[in-house]
Amino acid sequence: MSNTLIHNADECKYEYHIDGHVAYITYDDQDGNMHLTETQVPEALAGKGLARMLLEDVLQEIKKENKKAVAKCSYIVKYQEKHPEASDIFA
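Residues numbered from 1 in each chain as written. Predicted model: local features only at pLDDT ≥ 70, side-chain atom pairs only at ≥ 80, totals over all residues. Heavy atoms only, no water.

Chemist: When you look at the sheet that holds strand 2 (residues 13-18) in this model, what are you seeing that I'm missing?
Modeler: What holds strands together in a sheet is hydrogen bonding between their backbones, with the strands either parallel or antiparallel. With mixed pairing, the five strands of this open sheet are ordered in space as 1-2-3-4-5. A single partner strand is all that each edge strand has here, and the edge strands are strand 1 (6-8) and strand 5 (68-71). Ignoring strand direction, the axes of neighbouring strands in this sheet form an average angle of 35°. Strand direction decides the pairing type here: strand 4 (residues 33-40) and strand 5, joined by four bridges, are parallel. Bridge assignment links Leu36 to a residue of strand 5, and that residue is Ala71. (Pairing = 2+ DSSP bridges. Helix = DSSP H or I, 4+ residues; strand = E, 2+ residues; numbered from the N terminus. Axes fitted to C-alpha atoms, helices over the stretch in contact; angles between N-to-C directions.)

Chemist: Please clarify how helix 1 (residues 50-64) should be interpreted in this entry.
Modeler: An α-helical segment advances 3.6 residues per turn. Residues three or four places apart therefore align on the same side. Across its 15 residues, helix 1 extends 21 Å between first and last C-alpha, which sits within 8% of the 21 Å expected from 1.5 Å per residue. Within helix 1, burial applies to Leu50, Ala51, Met53, Leu54, Leu55, Val58, Leu59 and Ile62. Buried residues along helix 1 sit in contact with strand 2, strand 3 (21-30), strand 4, strand 5 and helix 2 (74-82). Downstream of helix 1 by a residue or two, Asn66 has a phi angle that is positive, lying close to 55°. (Expected span 1.5 Å × (residues − 1). Buried < 20%, exposed > 50% of the residue type's maximum accessible area, 1.4 Å probe, protein only. Contact = heavy atoms within 4.5 Å.)

Chemist: In this structure, what is going on with unusual backbone geometry? I would like to understand it.
Modeler: In terms of backbone geometry, most residues other than glycine have negative phi values and most peptide bonds are trans. Its identity as a non-glycine residue notwithstanding, Asp19 has a phi of 50°, on the positive side. With respect to the helices and strands, Asp19 occurs in the loop between strand 2 and strand 3. Of note in the backbone geometry, Asp31 takes a positive phi value of approximately 55° without being a glycine. Following the sequence through the fold, Asp31 ends up in the loop between strand 3 and strand 4. By relative accessible area, which is 83% here, Asp31 ends up exposed.

Chemist: Can you walk me through the packing of helix 1 against helix 2 in this structure?
Modeler: The angle between the axes and the distance between the axes are what describe a pair of packed helices. Here helix 1 crosses helix 2 at 75°, and the two axes come no closer than 11 Å. Classified by the angle between their axes, helix 1 and helix 2 sit roughly perpendicular to one another. Residue-level contacts link Ala51, Arg52, Leu55, Glu56 and Leu59 of helix 1 to Tyr75, Ile76 and Tyr79 of helix 2. Here the contact of helix 1 with helix 2 is built from residues that sort into six nonpolar, no polar and two charged. (Parallel < 35°, antiparallel > 145°, perpendicular 65-115°, else oblique. Nonpolar A, V, L, I, M, F, W, Y, C, P; charged D, E, K, R; others polar.)

These values are about where atoms sit, not about what they do.
So, in structure tokens, the structure goes:
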């Protein structure tokens, strides 16, 4: 499954729009450290690995912008623990 990452800067969100639903990760940019504060996947899209795909796309985008991610929600904290190979993107 491939989705287009949308950066909704007005609402400080990275989003996927799928079948009328929006999955998103909210952030707070603090001097180049992107504090990822919430991950939401609608119930209708749950169980498909969407949160992981969304997070990995967001991390790629953060890396392209030469910024660092800071895990501030439980899902992203768990991802960071399970994927030490991604440690270079986290502050």
